[in-house]
Amino acid sequence: MLKILLIDDESIVRQGLRQSVDWSALNLTVVGEADSVSAALNLAMSYRPDIFLCDIRLPGGDGFTFIDKVKKILPHSQIIILSGYGDQAYMLSAIRHGVCAYLLKPSSVSEISEALTKASNLIYEQRSKDLDYQKSSQFLYENTDTLKMHFFDKLL
């Protein structure tokens, strides 16, 4: 299961998300909730979530401050913005910060589930690429001498 952290300064929003989304059907588990940038960063360091569902306006900074910091420690994590701000400047900034999706409050459970599925698929794709890279690297490491020999045979 992938891990998700819910970040919103309104407890009723976090509670509503917990209760309305069928997390197990999406193969997700909520590892925590945060109401500020500092709390979110602390939980991110502890639990290393795969996905963050994050508001823009937060005590201690904005969601973009959080995104910048968390991407340094968890570069392959996916971030979904759930915000009451539909301002184009926020949306463009979200794109520049590499968020997976930008949802407006109130969003339907199906919209949230669709964004979570998209984020999960991106994570699984990245993991598959990482695994392929590891296998290729291991093959090259284990067969370096043989590959060198064949290279020089063909060269000469």
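Anyway, here's the lowdown on the structure attached to this text. (Residues numbered from 1 in each chain as written. Predicted model: local features only at pLDDT ≥ 70, side-chain atom pairs only at ≥ 80, totals over all residues. Heavy atoms only, no water.)

### Quick notes on the environment of Val30
Moving on, step 1. Take Val30: it is sitting in strand β2 (residues 28-34).
Moving on, step 2. Sequence-distant contacts of Val30, that is, excluding residues within four places in its chain, are made with Ile4, Leu6, Arg18 and Trp23. (Helix = DSSP H or I, 4+ residues; strand = E, 2+ residues; numbered from the N terminus. Contact = heavy atoms within 4.5 Å.)

### Some details on the side chain of Arg14
Moving on, step 1. The topology assignment puts Arg14 in helix α1 (residues 11-20).
Moving on, step 2. A residue is classified by how much of its surface remains accessible, and Arg14, at 11% relative accessible area, is buried.
Moving on, step 3. A distance of 2.4 Å separates a polar atom in the side chain of Arg14 from the backbone oxygen of Asp8.
Moving on, step 4. If we ignore the near neighbours within four places in the chain, the residues touching Arg14 are Leu6, Asp8, Asp9, Glu33, Ala34 and Asp35. (Buried < 20%, exposed > 50% of the residue type's maximum accessible area, 1.4 Å probe, protein only. Polar contact = N/O pair within 3.5 Å; in protein donor to acceptor, adjacent residues only side chain to side chain.)

### Considering the sheet that holds strand β1 (residues 2-7)
Moving on, step 1. The 5 strands are arranged β2-β1-β3-β6-β7 in an open sheet whose pairing can be described as parallel. At either end of the open sheet lies a strand with only one pairing partner, and these are β2 and β7 (101-104). Going from strand to strand, the sheet's axes swing by 20° on average, the running direction of each strand aside.
Moving on, step 2. Sheet analysis places β1 next to β2, joined by 6 bridges and oriented parallel. Directly across from Leu5, in β2, lies its bridge partner Gly32. (Pairing = 2+ DSSP bridges. Axes fitted to C-alpha atoms, helices over the stretch in contact; angles between N-to-C directions.)

### Overview of helix α3 (residues 63-73)
Moving on, step 1. Taken together, the buried positions of α3 are Gly63, Phe64, Phe66, Ile67 and Val70. Each buried residue of α3 sits inside an arc of 150° when the element is viewed along its axis, so together they form one side. (Arc of directions from axis to C-beta.)

### Here's the deal with the pattern of salt bridges
Moving on, step 1. Scanning all chains against the criterion turns up 4 salt bridges.
Moving on, step 2. For Arg14, the salt bridge is made with Glu33, and the minimal N-O distance between the two is 3.1 Å. Of this pair, Arg14 sits in helix α1 while Glu33 sits in strand β2, and the two are 19 residues apart along the sequence.
Moving on, step 3. Taking the shortest distance from any N to any O, the salt bridge between Lys105 and Asp55 comes out at 3.2 Å. Of this pair, Lys105 sits in the loop between β7 and α5 (109-142) while Asp55 sits in the loop between β3 (51-54) and β4 (57-58), placing them 50 residues apart in sequence.
Moving on, step 4. Look at the salt bridges and you will find they share partners, linking Asp8, Asp55 and Lys105 into a network. (Salt bridge = Lys/Arg side-chain N within 4 Å of Asp/Glu carboxyl O.)

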